[in-house]
Amino acid sequence: MTSFPDADRRTRDNVKNVVVKSDDRAEYMILSVENQLNVHYAMPIREMLQDAMQYDNQVKTISKNHKKLREEGTNHLKEGAEYLSGFAKNDKINPVISLVVLWNGNEWDGPRTLHDMLKVKDKELLAHVPDYKLNIIEPQSIRDKDFEKFHSKMNQVFKYIKYSKNKAILRKLVEEDEMYRTMDRETAELINVVTNSKLEFQEEGEAKMALLMRRLIEAGRNDDVEKAAIDEKVRMELYKEFGVDSLD
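Everything in this summary refers to the structure shown in the same document. As the structure is a computational prediction, the values presented were derived from the model and not from experiment.

This part is about the overall build of the chain. On a plain count of helices and strands, the chain comes out with 11 helices and four strands. Counting over 248 residues, the chain shows a buried share of 36%. Element-wise, carbon and sulfur atoms account for 51% of the exposed surface of the chain, whose accessible area totals about 16700 Å².

Structure representation (structure tokens):
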């Protein structure tokens, strides 16, 4: 039997409990993120193990709660299978969704499913082998029209990564896209780390102010330029009017 001696020591880069709306109800789930600078060619196994550990942790937590209730004399587990399992027939756990993010300008050329890793290719035989599929975000494969689906900062990062090896497109992108001229420290530093670039950045307050001034001048509202510079209340209102507050 193959064992994973280091399994309990593995941790994911980011694990969060999230709530989504489904049929006007709140649905709870666990979202985990694995950040990869390079392709991991055994990633389906790695993620499958991590997901299994997440599910196992939920079962253990429920079992501990049942044990605590039993010690308090309020346990509701039925004798027999439920009592032996420490898990009631009607107990439920939250789904786990795992994302693998490839932080370079290449496509994921490794296996995307457990079946991709198996020597056997007979479809009839594989029908009896449960598969496991990766959820991969790879900037190189994101269509331009789909970048807007991401938060504005991640939009910038993923788009820059996608074209990081195409200097002509990248130069045009940085010169023409207003977001890159008002980039904050966090976004610029992330791009610099994963693409080995040397982007400069502005502090967020400076970036917002510079963008607001530019838009006021373009709109011919020169009187508001002076007001925004000296009156914080006016400046906050103009941020909202021109959509600059979205930089927060």
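Unusually for a residue other than glycine, Asn196 sits at a positive phi of about 60°. Looking at the element boundaries, Asn196 is found in the loop between α8 (185–195) and α9 (204–218).

Next up on the list: the packing of aromatic side chains. The description of an aromatic ring pair uses the distance of the two centres, along with the angle that the planes make with each other. Here the structure, examined in full by the defined rule, presents three aromatic pairs. When the centroid spacing of 5.5 Å and the interplanar angle of 35° are considered together, the rings of Trp103 and Phe158 count as tilted. Of the two residues, Trp103 sits in the loop between β3 (96–102) and α3 (114–117) while Phe158 sits in helix α5 (residues 152–162), which places them 55 residues apart along the sequence. We classify Trp103 as buried; its relative accessible area is 10%.

Here we come to helix α11 (residues 232–241). Along α11, the residues classified as buried are Arg235, Leu238 and Tyr239. Buried residues of α11 fall within an arc of 110° about the axis and therefore sit on the same side. Facing away from the buried side of α11 by more than 90 degrees, the exposed set consists of Lys233 and Lys240. Capping the start of α11 is the job of one residue whose side-chain oxygen sits 3.0 Å from the backbone nitrogen of Lys233: Asp231. Positive backbone phi, approximately 70°, marks Gly243, located one or two places after α11.

The next thing to look at is the packing of α5 against α8. The axes of two packed helices give the description: the angle between them and the distance between them. For the pair α5 and α8, interaxial distance at closest approach is 10 Å and the crossing angle is 25°. Considering their axes alone, α5 and α8 lie roughly parallel with respect to each other. As for how α5 packs across α8, the hand of that crossing is right-handed. Along its contact with α5, which presents Lys153, Gln156, Val157, Tyr160 and Ile161, the element α8 presents Glu186, Thr187, Leu190, Ile191, Val194 and Thr195. Of the residues belonging to the contact of α5 with α8, the class tally is six nonpolar, three polar and two charged.

So, about the packing of helix α10 (residues 222–230) against α11. Relative to each other, α10 and α11 sit at 120°, their axes nearing to 6 Å. Between α10 and α11, the angle falls in the class oblique. Considering the relative orientation of α10 and α11, their crossing is left-handed. For the pair α10 and α11, the contacting residues are Asp224, Lys227, Ala228, Ala229 and Ile230 in the first and Glu232, Val234, Arg235 and Leu238 in the second. Class assignment of the residues belonging to the contact of α10 with α11 gives a composition of five nonpolar, no polar and four charged.

Parameters and conventions
- Numbers given to residues run from 1 along each chain, matching the order in which its sequence is written.
- pLDDT decides what is reported in this predicted model: residues at 70 or higher carry local features, side-chain atom pairs at 80 or more are listed and counted, and totals for whole chains, interfaces and linings draw on all residues regardless.
- Side-chain descriptors were evaluated using all non-hydrogen atoms of the structure, hydrogens and water having been removed beforehand.
- Put simply, DSSP marks the helices as runs of H or I at least four residues long and the strands as runs of E at least two long, and each gets a number from the N terminus on.
- The cut-offs for exposure are 20% and 50% of the maximum accessible area for each residue type, with area from a 1.4 Å probe on protein chains only; residues under the lower value are buried, those over the upper are exposed, and the others partly exposed.
- Every accessible area reported is derived by Shrake-Rupley at a probe size of 1.4 Å, with residue values counting cover from the shown protein chains alone.
- Pairing of aromatic rings covers Phe, Tyr and Trp, the last through its six-membered ring, and needs centres within 6.5 Å; plane angles under 30 degrees mean stacked, over 60 mean edge-to-face, and all others mean tilted.
- The arc in question is the one spanned by the directions pointing from the helix axis to the C-beta atoms.
- As used in this structure description, the phrase polar contact means that two N or O atoms lie within 3.5 Å; if the pair is within protein, one of them must be able to donate a hydrogen and the other to accept it, and residues adjacent in sequence are counted only when both atoms belong to side chains.
- Angular values range over 0 to 180 degrees, each being the angle between N-to-C directions of two axes fitted as lines to C-alpha atoms, with helices fitted over their stretch in contact.
- An angle below 35 degrees is treated as roughly parallel, one above 145 as roughly antiparallel, one from 65 to 115 as roughly perpendicular, and anything else as oblique.
- A clockwise turn of the near helix away from the far one marks a right-handed crossing, whereas an anticlockwise turn of less than a right angle marks a left-handed crossing.
- The contact definition used throughout considers only heavy atoms, calling two residues in contact when any of these lie within 4.5 Å.
- Charged residues are taken to be Asp, Glu, Lys and Arg, nonpolar residues to be Ala, Val, Leu, Ile, Met, Phe, Trp, Tyr, Cys and Pro, and polar residues to be all remaining types, Gly included.

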